[in-house]
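# Descriptive analysis of the structure
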Amino acid sequence: MISVGLQCFGLLLFASVALATHLNYDISTYRTTMTSLLSNYSSKVRPIVNQGQSLQLQLSLWIAGINEVSTTDSMMTTTGYLSVKWKDELLNWDSAATGMYWMQFNQKDIWVPDIVLKNGFTDFKMMGGDFYYLYVYNDGWVDWYPYKVFETSCELDVTYYPFDSQKCDIIVKSWSYSRWEVNFTFNDPQIGFYEFVPNHVWHLESYDAETDYTNSQTDLKFTLHLKRKTKYFIANLILPIILVGVLNTFVFMIPADAGEKMGFSVTIFLTFAVFLTIVSGELPKTSDSISILSIYLIIELIISISSIMLSAVQLRIHHRKPTIEIGECFRFLVRAGRRLRCEGRKNDKSIKCFPNSCLNKPRIHEIEVIDCESRMKMNRPVEEEQEEEMDWGDVSSAIDFFAFIFLLCVQVFVTSVMFIYAAAR
């Protein structure tokens, strides 16, 4: 009894599914119904009885993937399709008599709206094609799904590249009809996703849609808010630039006698020039916005040029003849450098930041400490009267010391301000 009951239930279920579909008719019925519907039909006339009214179209965008956002061309490439619905008052039939609830019509046989991509980048043509088939239901509702690779222009703001966020639009409209003839409205959902494949460079943060009434026509604007993924750019662009910027200061750690000072400086300059060329190749040729990264590279080029010029002057000073007298400004520079580096005068080992004679004495004997201090006070006036021994090599070394400290501070300050500000945005 149980097996018979299950068999009966299966037959009833199969019969209900079969009746719920439109597959209970023969080819002659299908052919006769289609011929009857298209006998007095014109694909050039809006399918509405009262031609004074506006035909309402419901649209939604279904995105399959964001293929590319070209920064150099200011273009976004997106794959997806439009879901367009409208009611064709000239295409309806009795589903009970024919057994058909919907039919498929070729796009060239019935009326379809001339939807175009307003902000298209490469081509301007009507969506769809002769190979498209539309679903037409017995009550006249038509479903059309024109699939397309949307290549749209996108105004990009590259100020914070590569930490930038962009807003790109996909705008569709009817090219021939005004909104009093064909009016666009949004279907629910306004933007959907069909087998969506995430992009490896851009992250889709949010999206929205709005209706834009321009003159006598209706434009539907689908907006995508994108944010660039920065891991690749940090590892392959930002970190190498920062590391080369650190090397830019170490040109003053190379002694003037080594002979590689100018070559090292010029190499760092050319490295930044190459980086600037690479970054410029990734950005659009526009004057509306300038990347902070480009500004940073220009600053680094200025620092490199300054280090080359200073190195040239320093080498000139280093190879001066010993008979030329050292000016007071250079003497002050040498003395200041020695004090900051805790060095005594040349060929004078008795005077240090912490004299050895004092440090070696035990502090528990108070009278010996006093004697040491008294001896230092007695010797100081005599030593100050002595002429400091220095040559042009000492002047060159002092220039290296102060230039290294100054450029290192400038490098840390500029790098911190630029990248923290860009990343915070």
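This is a predicted model, so every value here is computed, not measured.

Let us now look at the packing of helix α4 (residues 231-249) against helix α5 (residues 261-281). Relative to each other, α4 and α5 sit at 155°, their axes nearing to 10 Å. The angle between α4 and α5 places the two elements in the roughly antiparallel class. Relative to α5, α4 is oriented so that their crossing is left-handed. In this structure, α4 uses L237, P240, I241, V244, G245, L247 and N248 to contact α5, whose residues at the interface are F264, I268, T271, F272, F275 and V279. Looking at the contact of α4 with α5, its residues break down into ten nonpolar, three polar and no charged.

This next bit is on the state of the cysteines. Counted according to the given criterion, the structure contains one disulfide. The disulfide partner of C154 is C168, and the S-S distance across this bridge is 2.0 Å. Across the S-S bond of C154 and C168 the torsion is about -80°, and the bridge reads as left-handed. With a gap of 14 residues between them, C154 in the loop between β7 (147-153) and β8 (165-174) and C168 in strand β8 connect regions that are remote in the sequence. For C154, a relative accessible area of 4% gives the class buried.

Between its first and last C-alpha, helix α7 (residues 328-340) extends 18 Å over 13 residues, near the 18 Å set by a 1.5 Å rise per residue. Inspection of α7 places R331, V334, G337 and R338 among the buried residues, and these make up the whole buried set. Down the axis of α7, the smallest arc covering the buried residues is 130°, so these residues share one side. Every exposed residue of α7 that faces more than 90 degrees away from the buried side is listed here: E328, C329, F332, R339 and L340. Lining the buried residues of α7 we find α10 (392-424).

What counts, and at which threshold
- Chains are numbered independently. Their residues run from 1 in the order of the written sequence.
- For this predicted model, a pLDDT threshold of at least 70 governs which residues receive local features, and a threshold of 80 or more governs which side-chain atom pairs are given and counted, while totals over whole chains, interfaces and linings are taken from all residues.
- Hydrogens are left out, water is left out, and the side-chain values use all remaining heavy atoms of the structure.
- Every angle, taken between N-to-C directions, lies between 0 and 180 degrees, and every axis is a line fitted to C-alpha atoms, over only the stretch in contact when it is a helix.
- Strands here are runs of E lasting at least two residues and helices are runs of H or I lasting at least four, both read from the DSSP assignment and numbered beginning at the N terminus.
- Any angle that is under 35 degrees is reported as roughly parallel, and any over 145 degrees as roughly antiparallel; angles of 65 to 115 degrees are reported as roughly perpendicular and all others as oblique.
- When the near helix sits turned anticlockwise from the far one by under a right angle, the crossing is termed left-handed; a clockwise turn instead gives a right-handed crossing.
- Contact definition: two residues touch when any of their heavy atoms are within 4.5 Å.
- Put simply, Ala, Val, Leu, Ile, Met, Phe, Trp, Tyr, Cys and Pro go in the nonpolar bin, Asp, Glu, Lys and Arg in the charged bin, and everything else, Gly too, in the polar bin.
- Any two cysteine sulfur atoms lying within 2.5 Å of each other are counted as a disulfide.
- Accessible area is worked out with a 1.4 Å probe on protein chains only. A residue is then buried under 20% of its type maximum, exposed over 50%, and partly exposed in between.
- Helix span, expected: 1.5 Å multiplied by one less than the number of residues in the helix.
- The arc under discussion is defined with respect to the helix axis, by the directions toward the C-beta atoms.

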